Amino acid sequence: AGIRCFSVTSCVVVGESLSSAPPMKMLVATWNGKTFTAMKAAAPAGAGDLALNAVSCASAKRCVAAGLSLNSAGTGGFGFTEAWNGTSWTAHKVAWPKRDTESYLQGVSCVTQANCVAVGSAGASGSDTAKALSYNGSTWALRNVPGPGAGNASAFTDVSCPKANDCVAFGVTGPADGSAGKPLAGLWNGTSWRLAIA
């Protein structure tokens, strides 16, 4: 689902591993130009089915992956991140608002090991709104994203930060019943998010 390469013989890839029996497991591996080597990632507390959707690395020894954990029914879950320090992966649960019964992280971009932005969506089932978080090297903090308006839902699916405090996220917005959708862009200036709808 996600990849970051430092050269054609040095990459980190993330995703999920499926088998004939649940649960779904997150996949983290390195690529050396010839073979993949699996890495061990730490599951967050309370996790069910696990998937990693994106990875970003400030260096070969500093990476962050964004993912989600679904319950056994596949009807809800929570977004979380994994951090690589050059030796091991550590899971970080995000303190989502209590009113949000489900949350998902779909994209992440790190400029340095202490400056990352992750995006996704969260809310009550069927009425999620786009969410964004920033990372300072030790903790994740939710950043306010303007809502999509009454009766609408929204989600960010990926983000790219060419430099610190300068990010662009993309996703979709439309009626909460899913009957239609329009492309959604989010612009982060280090202080606030501004939305643009196509």
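What you see is a predicted model; the values in this text were computed from it and never measured.

**Considering the pairing of strand E12 (residues 140-143)**
Bridge analysis of strand E11 (residues 129-135) against E12 gives four bridges, and the strand direction is antiparallel. Following the sheet pairing, serine 134 is matched in E12 by alanine 141. Once E11 ends, the chain turns through four residues before running back antiparallel as E12, passing glycine 137 with a positive phi of about 105°.

**A few points about the sheet that holds strand E6 (residues 62-70)**
Strands sit in the order E5-E6-E7-E8 across an open sheet of four strands; the sheet is antiparallel. In this open sheet, the two edge strands, each paired with only one partner strand, are strand E5 (49-59) and strand E8 (89-93). On average, each strand axis in the sheet is inclined to that of its neighbour by 25°, with strand direction left out of account. The pairing of E5 with E6 spans nine bridges and is classified as antiparallel. For alanine 54, the partnering residue across the bridge sits in E6 and is alanine 66.

Rules of the game
Residues numbered from 1 in each chain as written. Predicted model: local features only at pLDDT ≥ 70, side-chain atom pairs only at ≥ 80, totals over all residues. Heavy atoms only, no water. Pairing = 2+ DSSP bridges. Helix = DSSP H or I, 4+ residues; strand = E, 2+ residues; numbered from the N terminus. Axes fitted to C-alpha atoms, helices over the stretch in contact; angles between N-to-C directions.

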